[in-house]
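Results of the structural survey
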Amino acid sequence: MRFSVIVPAYNAQMFIDDCVKSVLAQNYFDMELILVNDGSTDSTPEKAEAWAKKDARIRCLNIENSGATGARLAGLNAAKGEFVLYLDADDVWDDGLLNAVDEALTASRADVVMFTFRRVPGNEVHPFEKDGWIERDEWTRKLITTSDMNMVWDKAVRRELALSCPVDASHRGVAEDLLMILPVLDKADRFYYIDKPLYRYRAVMDSRSNSFRANRHFEIDAARTQVLDYLVEKDLNSDENLAAFYTLYADRMLNCLARAAKAGADKKTMKAMFREVRSFPLFQMARFYPLNLSKNKRAQMMLVTWRLDGIFMKLAKRA
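Notes on the structure in this doc start here.

Scanning the chain for helices and strands turns up 13 helices and 10 strands. In terms of C-alpha radius of gyration, the chain reaches 20 Å, essentially the compact-globule figure of 20 Å for 319 residues. Taken along its principal axes, the extent of the C-alpha atoms in the chain is 60 × 45 × 30 Å. In the chain, which comprises 319 residues, the share counted as buried stands at 55%. A total of about 14,900 Å² of accessible surface is found on the chain, and carbon and sulfur atoms cover 50% of it. Separation between the mean location of the 46 positive side-chain charges and that of the 46 negative ones in the chain comes to 7 Å.

This part takes up the nonpolar core. Ranked by internal contacts, the top residues of the largest apolar core, which has 67 residues, are Trp-139, Phe-191 and Phe-312. Val-20, Cys-60, Leu-98 and Phe-117 belong to the second largest nonpolar core, which has 41 residues in total.

Oppositely charged side chains are able to pair whenever their charged atoms sit close together. Evaluated as defined, the whole model comprises 20 salt bridges. When the shortest N-O distance is used, the salt bridge between Arg-200 and Asp-94 registers 2.5 Å. Of this pair, Arg-200 sits in strand 10 (residues 191–202) while Asp-94 is found in the loop between strand 5 (92–93) and helix 4 (97–108), placing the two residues 106 residues apart along the sequence. As a salt-bridge pair, Arg-278 and Asp-309 come within 2.9 Å of each other at their nearest N and O atoms. Remark: Asp-309 occurs in helix 13 (residues 309–318) and Arg-278 occurs in helix 10 (residues 267–279); sequence separation between them is 31 residues. The class for Arg-278 is buried, based on a relative accessible area of 14%.

Aromatic ring pairs are reported here in terms of the distance separating the ring centres and the angle at which the planes meet. Overall, the coordinates contain 14 aromatic pairs when judged by the stated rule. Taken together, a centroid distance of 6.5 Å and an interplanar angle of 55 degrees make the contact between Phe-3 and Phe-83 tilted. Taken together, the positions of Phe-3 in strand 1 (residues 3–9) and Phe-83 in strand 4 (residues 83–86) put the pair 80 residues apart, joining distant regions of the chain. Phe-3 gets classed as buried once you look at its relative accessible area, which sits at 0%.

Here strand 4 shows a buried face lined by Phe-83 and Leu-85 and a second buried face lined by Val-84 and Tyr-86. Across 4 bridges, strand 1 lies against strand 4 in parallel orientation. Each residue of the ladder has a partner; that of Phe-3, found in strand 4, is Phe-83.

The next point concerns a nonpolar patch on the surface. A surface patch of nonpolar side chains, about 490 Å² in accessible area, is lined by Met-302, Trp-306, Leu-308, Ile-311 and Leu-315. Relative to the helices and strands, Met-302 resides in helix 12 (residues 295–305). Classification of Met-302 by relative accessible area gives partly exposed; the value is 39%.

In this fold, Arg-136 is placed in helix 5 (residues 136–145). Separated by 53 residues in sequence, Arg-136 and Asp-189 place their C-alpha atoms 5.7 Å apart. Setting aside residues up to four positions removed in sequence, Arg-136 forms contacts with Asp-186, Asp-189, Tyr-230 and Lys-234. Here the side chain of Arg-136 touches Asp-186 through a polar contact of 3.0 Å, side chain to side chain.

For the rest of this paragraph, the subject is the pairing of strand 6 (residues 112–120). Judged from the 3 bridges that link them, strand 6 and strand 9 (residues 155–158) form a sheet pairing that is antiparallel. Bridge pairing in strand 9 places Val-112 opposite Val-157. Pairing analysis gives 8 bridges linking strand 6 to strand 10, with the strands arranged parallel. Looking across to strand 10, one finds that Val-113 is bridged to Tyr-192. Here strand 6 runs beside strand 7 (residues 124–125); their pairing, made up of 2 bridges, is antiparallel.

Our next topic: the environment of Glu-46. As for its position among the elements, Glu-46 is in helix 2 (residues 44–54). Taking the relative accessible area as the measure of exposure, Glu-46 reaches 51% and is therefore exposed.

On to helix 3 (residues 67–78). Helix length check: helix 3 (12 residues) gives 17 Å between terminal C-alpha atoms against 16 Å at 1.5 Å per residue, within 8%. Taking burial as the measure, the 12 residues of helix 3 include 9 buried ones, the bulk of the element. Every buried residue of helix 3 is listed here: Gly-67, Thr-69, Gly-70, Ala-71, Arg-72, Leu-73, Gly-75, Leu-76 and Ala-78. Tucked inside the fold, the buried residues of helix 3 contact strand 1, strand 2 (31–38), strand 3 (58–63), strand 4, helix 6 (159–163) and helix 7 (176–188).

Below, the discussion takes up the side chain of Thr-247. Within the secondary structure, Thr-247 sits in helix 9 (residues 239–262). Ignoring any residue separated from it by four or fewer positions in sequence, one finds Thr-247 in contact with Pro-290, Leu-291, Asn-292 and Leu-293.

Conventions used here
- Residues numbered from 1 in each chain as written.
- Predicted model: local features only at pLDDT ≥ 70, side-chain atom pairs only at ≥ 80, totals over all residues.
- Heavy atoms only, no water.
- Helix = DSSP H or I, 4+ residues; strand = E, 2+ residues; numbered from the N terminus.
- Rg over C-alpha atoms; globule rule 2.2 N^0.38 Å.
- Buried < 20%, exposed > 50% of the residue type's maximum accessible area, 1.4 Å probe, protein only.
- Areas by Shrake-Rupley, 256 points an atom, 1.4 Å probe, with all protein chains shown as cover.
- Lys, Arg positive; Asp, Glu negative; His and termini not counted.
- Charge placed at Lys NZ, Arg CZ, Asp CG, Glu CD.
- Core = buried A, V, L, I, M, F, W, Y, C linked by side-chain atoms within 4.5 Å.
- Salt bridge = Lys/Arg side-chain N within 4 Å of Asp/Glu carboxyl O.
- Phe/Tyr/Trp six-rings, centres within 6.5 Å; stacked < 30°, edge-to-face > 60°.
- Pairing = 2+ DSSP bridges.
- Patch = residues over 30% accessible without salt bridge, like charges linked within 9 Å, V, L, I, M, F, W, Y side chains within 5 Å.
- Contact = heavy atoms within 4.5 Å.
- Polar contact = N/O pair within 3.5 Å; in protein donor to acceptor, adjacent residues only side chain to side chain.
- Expected span 1.5 Å × (residues − 1).

What follows is the structure, given as structure tokens:
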């Protein structure tokens with residue numbers, strides 16, 4: 001079969017019906033839909049089983065709670081399609097996504113096809129200017145300076161390629177998508193891009209990617225450390241690239257601290273977060289590069305560096 005669509009679902013009873021409907025509305029039949037119940041405690045498994053009874057293309061997997069990466073890997077290992085696509089259970093596809101991807105794959109014979117997406121609510125995200133092949137140096141610049149390359153759900157990947165890429169299934173939280181897609185992009189070397197917003201990303205405020213967590217700064221640091229390792233391995237660690245890399249790192253880390261303060265984290269938690277962030281080697285190195293930060297972010301960076309944590313917290317809460 002042409003496509004395997006993998007949906008990791010944890011306590012997704014509010015959204016999974018819309019998600020599945022958007023796949024079945026594709027008017028594309030050479031596919032399977034694998035719903036991976038990731039140890040849900042709500043009615044997600046019952047809803048998934050009900051859909052499987054309605055359409056023979058739908059399969060259900062029930063696993064112990066493993067996080068998004070573990071659930072995606074379970075689906076990947078069970079998949080039969082030539083290409084795999086991932087769809088989060090709280091998101092939906094626009095009509096025609098599979099047909100557009102199929103046409104691009106047929107024309108390009110690529111191992112990876114990427115499309116763009118629309119935040120709901122929010123704006124469309126267009127990482128590149130037009131349809132066509134994206135070379136390594138071009139997507140690497142995006143990897144260094146933005147989060148536009150991080151997602152697994154805006155790409156169709158040849159299943160054999162995905163299976164050949166080692167992934168740490170234990171990683172959870174911020175940037176788990178990035179850690180799963182980076183080895184794929186590395187092996188693919190280049191990929192084909194469709195400049196159409198075919199995926200609708202629902203910004204659920206209590207999702208892992210949007211909520212405050214006391215260990216979020218560790219997740220950011222771990223993910224960006226892997227990106228730096230990649231840059232060094234590929235000899236892409238020029239001063240210009242490193243300055244861009246550390247700018248993004250500092251921006252994400254400062255956002256993390258500000259979010260925690262604004263969310264009302266207690267003093268003990270905030271004290272530990274400031275201390276731990278200052279101890280990160282990447283944060284220490286960032287101070288030695290010309291960071292292209294806004295005036296406000298430069299002030300935040302100085303406050304953290306000079307241990308003026310109380311002032312940082314007051315300003316963050318007012319913002």
